[in-house]
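The lines below spell out each chain.
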Amino acid sequence: MSELLREAGLIARKDLLIEWRSRVAVNQIAPLGMLVLVVFAFALDANQSLLDRASAGLFWVAVLFAGIITVQRAFTLESEHGIRDALRLSGIRPAAMFLGKLAAISIQLFVLEVVLLFGVVAMYDATVEEPLLAVVTAGTGTLAFSAVGCIYGAVSLGLRARETLLPLLLIPVVAPVLLAGTRALERALGVSTQAGWNWVGLLVVVSAIYTAIGLAVFGPLLEDG
Amino acid sequence: MSEPGMGVSSAARTRPKGLTFLSRYDDPAMSTVIDMSKAVVLLERFPALAGATATVGAGEIVLLRGPNGVGKTTFLRSCAGLLPVASGRLNVLGHDLVAARRAVRRHVALLGHTSQLYDDLTVVDNVQFWSRASGVRDGDLMGALDRMGVSKRLHSVPVERLSAGQKRRVAIAIVIASRPRLWLLDEPHAGLDQSGRGLLDSLLVDAAEAGATVVFASHELDRAEAVATRSLSFSGGLIVSDDE
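Residues numbered from 1 in each chain as written. Chains lettered and ligands numbered in written order. Predicted model: local features only at pLDDT ≥ 70, side-chain atom pairs only at ≥ 80, totals over all residues. Heavy atoms only, no water.

**Brief notes about the overall build of chain B**
Of regular secondary structure, chain B possesses six helices and ten strands. Burial analysis of chain B (244 residues in total) assigns 57% to the buried set. A separation threshold of at least 6 residues defines the contact pool for chain B, and within that pool the share at least 24 residues apart is 73%. Accessible surface, chain B as shown: approximately 9700 Å² in total, 50% of it carbon and sulfur. (Helix = DSSP H or I, 4+ residues; strand = E, 2+ residues; numbered from the N terminus. Buried < 20%, exposed > 50% of the residue type's maximum accessible area, 1.4 Å probe, protein only. Contact = heavy atoms within 4.5 Å. Areas by Shrake-Rupley, 256 points an atom, 1.4 Å probe, with all protein chains shown as cover.)

Pasting the structure below:
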């Protein structure tokens, strides 16, 4: 178990180091997420009440766009220069690769979500009335999205048209994550009276299910992709 | 066939202090490293290996010869456990690759046509990651880079800024640092300048002298034959001759 975690840490550290060196998330992905918020702010500005009600959903739409690019980049790195073969030869367990990728993508997306949440507050004039619920929603939603993303990222590894196929594969599967995340965040922003923690529970269940699936199938996907 | 090491300068063959080979997996009892019999390997439906038979012993340097598309790369990838064997027998380092392909991988290095390096990471980042990924914690990383003539000023340079030859040297340094028992190299001289080729040749000889086994495909026959102790000729997915 400790060896599995060591290997997962190695993968996660490597992915985060690549991001630190390349600054793609900072210079390209985060601005894209903010741009999505800005565009909707312009589009709906005339109707402040609609903007209030839509803010949680728009937050997750921005996360979706940024998340797809983050997942795509994380797996494109492994498909270049024969790196996938090198990883297979390295002896790192596929489960460790999955956990490492999951951790790295989750950390990047969570930081991005914090930035986007500030964007929602600033641009949409939203108020975070339940900060704990907002943070836990972002955390569990990120984990669920990243787990699904890692599975479909591995599916797309060997595909020639993966840039266009990954969103097509990913968006329908993460729809429940976006729905639950939106409902829970609406409660955290005080625009809904629904039980936000119930939706968080759903996000936890989705995270657990897809993490379990990812641990089981990542090896075969890496071999066959 | 020339004697092993012919054409390799004594200076190039000097092993830097502290650089070791095989300290992880040294197993002098292992005499047969590759035992392939009537192996068929399919790429899609095409039999890239169509019943190949070969045996490679420990410490040998084996050159794979033949024109493009006759199965040399498939042979190397099969021995690395990356391709399934549809029929026949393939044992590598005592592992039955027909039954299970993963177990052997940690003991094998396969250097193909690609660099296997992350462009955004520095040279040292790459060497550290891949050696740790191979389970080597005390590897002489700097010694490996030094052995391949990668100067210290390049250590902190992102790989994307290196030339093709420099990337090749770093990739070979990673092979050294991971200390495999079986070196599988596909056109290892490609992209290297004359000094790099000399370093590589001496490295192969040193690795074999230390007990590792080297199997490599090359079209640069003059240079390759000077290093190899034996050559296998491929034709149509078969090994058609075995020359000492």
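**Digging into the interface of chain B and chain A**
The interface is formed by 25 residues belonging to chain B together with 28 residues belonging to chain A. Note on chain B versus chain A: buried area summed over both sides is about 2400 Å², and carbon and sulfur give 55% of it. On the surface where chain B and chain A come into contact, there are six salt bridges. With a shortest N-O distance of 3.2 Å, R73 of chain A and D120 of chain B are connected by a salt bridge. On inspection of chain B and its partner chain A, the count reaches twelve residue pairs in polar contact (both at pLDDT 80 or more). Residue classes in the side of chain B that touches chain A are distributed as nine nonpolar, six polar and ten charged. (Buried area = accessible area lost by both parts, 1.4 Å probe. Salt bridge = Lys/Arg side-chain N within 4 Å of Asp/Glu carboxyl O. Polar contact = N/O pair within 3.5 Å; in protein donor to acceptor, adjacent residues only side chain to side chain. Nonpolar A, V, L, I, M, F, W, Y, C, P; charged D, E, K, R; others polar.)

**Notes on the sheet that holds strand 2 (residues 46-57) of chain B**
Residues and elements named next belong to chain B. Taken in spatial order, the four strands make up an open sheet running 2-1-4-5, and their pairing is antiparallel. Sheet topology places strand 2 and strand 5 (95-96) at the edges, where each strand pairs with a single neighbour. As paired strands, strand 4 (residues 87-92) and strand 5 are joined by two bridges and run antiparallel to one another. Residue pairing in the sheet places N91 in a bridge with D96 of strand 5. The strands touched by helix 1 (residues 72-79) are strand 1 (32-43), strand 2 and strand 4; relative to strand 1, the strand with the most contacts, the crossing angle is about 120°. (Pairing = 2+ DSSP bridges. Axes fitted to C-alpha atoms, helices over the stretch in contact; angles between N-to-C directions.)

**A closer look at helix 3 (residues 48-79) of chain A**
Helical periodicity: at 3.6 residues per turn, an α-helix aligns residues three or four positions apart in one direction. Between the first and last C-alpha of helix 3 of chain A there are 45 Å, a value that for 32 residues agrees with the 46 Å anticipated at 1.5 Å per step. Maximum bend of helix 3 of chain A: about 55°, positioned at A54 of chain A. (Expected span 1.5 Å × (residues − 1). Bend = angle between axes of the 7 residues up to and from the residue.)

**Focus on the sheet that holds strand 7 (residues 182-186) of chain B**
Residues and elements named next belong to chain B. Read from one edge of the open sheet, six strands run 6-7-8-3-9-10, paired in mixed fashion. Edge strands, defined here as strands with exactly one partner in the open sheet, are strand 6 (108-111) and strand 10 (238-243). When the angles between neighbouring strand axes are averaged without regard to direction, this sheet yields 15°. Here helix 1 sits on the sheet in contact with strand 3 (61-65), strand 6, strand 7, strand 8 (213-217), strand 9 (230-235) and strand 10, set at roughly 150° to strand 7. Set on the sheet, helix 5 (residues 194-209) makes contact with strand 3, strand 7 and strand 8; between it and strand 7 the angle comes to about 155°.

The values are spatial; any link to function lies outside them.
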